[in-house]
There are 2 protein chains.
Amino acid sequence: MINIIGIGPNRENITLSAYDALKKADIIIGYKKYIESIEDIVEGKEIIKKGMGDEIARGELAISYSLEGKNVALISSGDPGVFGMANVMFQLISKYDNVDVKVFPGVTSLNYSASLLGAPLHDFAAISLSDILTPLDEIEKKIEYAAYADFIIAIYNPISKRRKKPFRRFKEILLDIKGEKTLIGIVDSSQNISKTKIVTLDQLNEEDINMSTTLIVGNSLTYEENGYLVTSRGYVVKSPIHPLAEEFYTKYLNDETATGSNLDCEFYPCHKELQCCDLCYCPFYPCGDGSTGGKWIKNKNVWSCQDCLWIHKKDTINCVKDGLKDILKEVSDLKTNKKELLKLRRACILKTKIKND
Amino acid sequence: MINIIGIGPNRENITLSAYDALKKADIIIGYKKYIESIEDIVEGKEIIKKGMGDEIARGELAISYSLEGKNVALISSGDPGVFGMANVMFQLISKYDNVDVKVFPGVTSLNYSASLLGAPLHDFAAISLSDILTPLDEIEKKIEYAAYADFIIAIYNPISKRRKKPFRRFKEILLDIKGEKTLIGIVDSSQNISKTKIVTLDQLNEEDINMSTTLIVGNSLTYEENGYLVTSRGYVVKSPIHPLAEEFYTKYLNDETATGSNLDCEFYPCHKELQCCDLCYCPFYPCGDGSTGGKWIKNKNVWSCQDCLWIHKKDTINCVKDGLKDILKEVSDLKTNKKELLKLRRACILKTKIKND
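To start, this report covers the structure provided alongside it. The shown structure was predicted, so the numbers you read here are calculated from the model rather than taken from an experiment.

Each value, and the rule that gives it
- Residues numbered from 1 in each chain as written.
- Chains lettered and ligands numbered in written order.
- Predicted model: local features only at pLDDT ≥ 70, side-chain atom pairs only at ≥ 80, totals over all residues.
- Heavy atoms only, no water.
- Salt bridge = Lys/Arg side-chain N within 4 Å of Asp/Glu carboxyl O.
- Helix = DSSP H or I, 4+ residues; strand = E, 2+ residues; numbered from the N terminus.
- Buried < 20%, exposed > 50% of the residue type's maximum accessible area, 1.4 Å probe, protein only.
- Contact = heavy atoms within 4.5 Å.
- Buried area = accessible area lost by both parts, 1.4 Å probe.
- Nonpolar A, V, L, I, M, F, W, Y, C, P; charged D, E, K, R; others polar.
- Pairing = 2+ DSSP bridges.
- Phe/Tyr/Trp six-rings, centres within 6.5 Å; stacked < 30°, edge-to-face > 60°.
- Lys NZ or Arg CZ within 6 Å of the ring centre and 35° of its normal.

Comments concerning the pattern of salt bridges
All names here are of chain B. Per the counting criterion, the structure on display carries 36 salt bridges over all chains. Here Lys95 ties to Glu60 by a salt bridge, and the two come within 3.2 Å at their closest N and O atoms. Residue Lys95 is found in the loop between α4 (86-93) and β5 (101-104), and its partner Glu60 is found in helix α3 (residues 55-67); the two are separated by 35 residues along the sequence. A relative accessible area of 9% places Lys95 in the buried class. The residue Glu206 makes a salt bridge to Arg168 at a minimum N-O spacing of 2.7 Å. Taken together, the residues span a long stretch of sequence, with Glu206 in the loop between β10 (195-200) and β11 (213-217) and Arg168 in helix α7 (residues 165-178) at a distance of 38 residues.

The following block contains the structure:
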């Protein structure tokens, strides 16, 4: 029996079932560094430490011990299924008709890195930049499609001393499709304690990246707040309709509101910059989503839109007005159609903010 | 302090640090069903069980206890960062200036499901089909891009009693882009013991899917063997060059081999079907990768290509011959350039097999 065991990102994040399986194993096989991180768990057992490149040798060894009737634990860092030992092992055991395997899943760096950064995930893609056995073309294509799809993108194996080109192409492609202000979380696990850093794409330097780094690229709904990287999930903030919103949308539905900059308004320009006032009062207020620039006034339960310029941009206004036609027939729809309104908001963000320049 | 704790897919796959954090918490808040699965761990503590839809209520409650100085454990199934409680919580705590949070990552269903199915992952994408707060357009676009990129695709929240359209669109889009023979792993965790099933896309029925199902869609390198779903990672099988290969490629480099079907050959058609013999001897032999139809003869260390028709198809031959020009200058390159050969093989698979009809 071969237990392909994911030990997670570090000792404290190993699962109970992986821990038990390690305790029950006769023999432990794995890359030196990984075994050292769980030495106390496997103390007293037969242990075979191998070098990093030796995946096939480790696998064949596990098979030969298993054929002798031993209960083998084959160690993989993170999750064995994510660029780990599982795929290689399934390909190797198919040479035999009597080798049983069981995969013990683990916390992979994508989830671990996300937990350290805050809450950056929504729909996501994971891509390894290692071009040792994967053509660079294929890697580039995956980055492009993931960027166009607005996935959160987790990058494994971003760089090594001899392998820098895929990382450079990754940066170029993202600059092109997503723009230089795209947020990126960097999690460096080369030391015992992982270090995190949040940068914009134009600040992403090769010097900050090594083989033990995982990158998490934000999407159009990702923002930074208090040192955390957060991707808005888009949920309903329960709140009554503001009297000013009622007033504005009553006029709006009667076609009595201004188009473009309302220079006659006593508050103009209320957002400090030039602005279009077509949606003077935001139909999504309070969205509770920092990705468009708004934020909570702390401890007061008041959402401030002062730094949100998004709703006053031409592209946004066109997209929102177009969608409002179907959703907003009377002012009370602002309350009852909140989910549809939030979907419209999401659609317009994707349309207008996929590139962050 | 609020600990946002991922309890993984089930009790045995909880992490040690999540376990410890639960033990240290003063108060446990979460969806009823999830708390029940870890009842023995949190026994004796103050427990608040909530309904499923109440995410914001749960979050606000956690905040109010935290403001009272309690050490709160807020439970999320799987990983809190993957369609769990983390994003909502980070949006909610930004209302306050004095609420600390820590995210405890967990094994998410993507990794758990993959471990039960075998080793289906390589570069992957995860998409939730819930269109409650996400426009269907956006979901469709993500499925399309993920399919074109040849990602392994994990599907969360595939269906509910009232929400069937996104699943139907998902199937239609995949049929169109990837074809009816695309392999799909179904993992149903609605009961205590998860059930797995591997089907082709044309066999994927709504009746097999429920709210607790995760789907893993294979890519062009995914195959089924012994009830497992495996995606070939593309690694080097160490082996000498076969004498017949030497003979063939000596002729090939001298432009002395046949084009098209070699009807004069005493073994024709050696693969039972009509075939092009341009690459009579496969430059990738033994690839060890079942995705093109080959398999190991058990316990004999012999790779059989009898069921691999891929290398004898016109499109494949054109792609491979084109790439061989740069890689194969003399016969010994078949050995020394193995990694480049395997990359070429991968590139041609992607080019010729993205659609599985």
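Don't stop here, the text continues.
Details of the interface of chain B and chain A
The partner chain A presents 82 residues to the 82 residues of chain B that form the contact. A combined buried area of about 7700 Å² lies between chain B and chain A, and 59% of that area is made up of carbon and sulfur atoms. Interface area lost by chain B to chain A is led by Gln91(B), Leu133(B) and Arg233(B), which between them contribute 10%. Here Arg346(B) makes a salt bridge to Glu138(A), at a shortest N to O gap of 2.7 Å. Considered class by class, the residues forming the side of chain B that touches chain A number 41 nonpolar, 23 polar and 18 charged. In terms of strand pairing, strand β7 (residues 124-128) of chain A meets strand β7 (residues 124-128) of chain B through three bridges, oriented antiparallel.

Some words on the packing of aromatic side chains
Inspection of the entire model under this criterion finds 24 aromatic pairs over all chains. Both rings, one in Trp296(B) and one in Trp303(B), keep their centres 5.1 Å apart while their planes meet at 70°; by these two values the pair is edge-to-face. Judged by relative accessible area, which is 5%, Trp303(B) ranks as buried. A network of ring pairs unites the aromatic residues Tyr145(A), Tyr148(A), Tyr145(B) and Tyr148(B) as a single cluster. Here the basic side chain of Lys95(A) rests over the ring of Trp296(B), its NZ or CZ set 4.6 Å away from the ring centre.

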